[in-house]
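This is what each chain is made of:
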Amino acid sequence: MNAKRIPDITLERYLLNELPSDRMEQIGKLIKSDLFLQKRIEGINASNGTIIHRYAPESIVPRILERASLPDRTPGKDRAKRPLWKLFLVPSLAAAAVVSFVLLFPLFRTGYDTVLDPYINDVTRIKGPAIRLYIYRKRNTSAELLANNRRVREKDLLQIAYYSAEDTHGIILSIDGRGTVTLHYPVPPSSNTRIEKNREILIPSSYELDDAPGFERFILVTSRTPLDVRAAYRAAEKLAKRRGSTKNGELTIDTPCRQTSLVLLKD
């Protein structure tokens, strides 16, 4: 293998320990013996350090969420959950910042990275689920990635993101402890369910939890063909009425699809 012909993307994947073990060992030996390759590695590390400092998640994500913050509620105002279309949308500049952030700094790494390296002669796909659902919570000046069954509380401000390896259409809904269904994507009145593939995408709105007790379950449905938003919403309403299945049952949808969900427990 000619060290000078190894692409930077391959060296970056080496630094992230994302290459197959034999490739890791092969490049590791080259680095030890090749001064030119060592200089390239130093340059990549220096560049990554600059990007991480400039686009650190603890500063970028909160600023995006801050731009999307909900208006203060006045005392005594009705605190029932508002339909999503009455929530704010991220201003265009903030939406652009989300896209720039995902493109410039791969903090939220996808489960699948397909990279063709003509000098190593293989295509590597990192194992992982075909779809993923991410929920972030704003915490003062930081953003916290929430795991399944994590405890949350009223007025927590959440940002939803998705990842799809293959499917090109998707719907995101949630069901709370009262059985209320909320549509998060696509944002009404749009019925276009097209989604992006192969990278994590923050949807262009955030969501404030209300005082519904028990839990909030977020559901991502994806398909290779367009999905019927109304049908998915009705399926979620039916699931919400089946109390024993609300937290783990699947939506009954005619279109061939994948489903995944994440449950947050309410204090």
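Everything numeric here is computed off the predicted structure, so don't read it as measured data.

Caption draft 1: Fine view of unusual backbone geometry. A cis amide bond, omega -5 degrees, links Tyr185 with the succeeding residue Pro186. Along the chain, Pro186 falls in the loop between strand 8 (181-185) and strand 9 (201-208). Even without being glycine, Lys155 reaches a positive phi, approximately 75 degrees. Within the secondary structure, Lys155 is located in the loop between strand 5 (150-152) and strand 6 (157-164). Non-glycine residue Asn198 carries a positive phi angle of around 65 degrees. Here Asn198 is to be found in the loop between strand 8 and strand 9.

Caption draft 2: Structural context of the pairing of strand 7 (residues 169-176). Within strand 7, 8 of the 8 residues are buried, which leaves it mostly tucked inside the rest of the structure. On strand 7, burial covers both faces: His169, Ile171, Leu173 and Ile175 on one face and Gly170, Ile172, Ser174 and Asp176 on the other are all buried. Direction of pairing for strand 7 relative to strand 10 (residues 215-223): antiparallel, over a ladder of 8 bridges. Counterpart to Gly170 in the pairing with strand 10 is Thr222. The pairing of strand 7 with strand 8 spans 4 bridges and is antiparallel. Opposite Leu173, over in strand 8, you have Leu183 as the bridge partner. What sits between strand 7 and strand 8 in their antiparallel hairpin is a turn of 4 residues, with Gly179 showing a positive phi close to 90 degrees.

Caption draft 3: How the structure looks around the side chain of Thr193. Relative to the helices and strands, Thr193 is located in the loop between strand 8 and strand 9. What makes Thr193 buried here is its relative accessible area of 1%. Leaving out residues up to four positions away in the same chain, Thr193 has contacts with Thr168, His169, Gly170, Ile171, Tyr185, Pro186, Pro226, Leu227 and Val229.

Caption draft 4: Here's a closer look at the packing of aromatic side chains. Enumeration over the complete set of coordinates arrives at 2 aromatic pairs. Their ring planes at 40 degrees and their centres at 6.4 Å tell us that Tyr162 and Tyr185 sit as a pair that is tilted. Remark: Tyr185 occurs in strand 8 and Tyr162 occurs in strand 6; sequence separation between them is 23 residues. As far as the burial class goes, Tyr162 and Tyr185 line up, both buried. Ring centres of Tyr207 and Phe218 lie 6.1 Å apart, and the angle between their planes is 90 degrees; this geometry places the pair in the edge-to-face category.

Conventions and cut-offs
Per chain, residue numbering runs from 1 following the sequence as it is written. Reporting of local features is limited, given that this is a predicted model, to residues whose pLDDT is at least 70; pairs of side-chain atoms are given and counted only at 80 or more, and all residues count toward the totals for whole chains, interfaces and linings. Side-chain descriptors were evaluated using all non-hydrogen atoms of the structure, hydrogens and water having been removed beforehand. Runs of H or I in DSSP of at least four residues are treated as helices and runs of E of at least two as strands, each being numbered from the N terminus. Throughout, exposure labels follow a simple rule: accessible area from a 1.4 Å probe, protein chains only, divided by the maximum for the residue type, with under 20% read as buried, over 50% as exposed, and the rest as partly exposed. DSSP-based pairing: two strands are paired if at least 2 bridges between them are found. We call two residues in contact when some of their heavy atoms are within 4.5 Å. In this scheme Phe, Tyr and Trp rings, the latter by its six-membered ring, pair at centre separations within 6.5 Å, and the angle between planes marks the pair as stacked below 30 degrees, edge-to-face above 60, and tilted otherwise.

In short, geometric facts, not functional conclusions.
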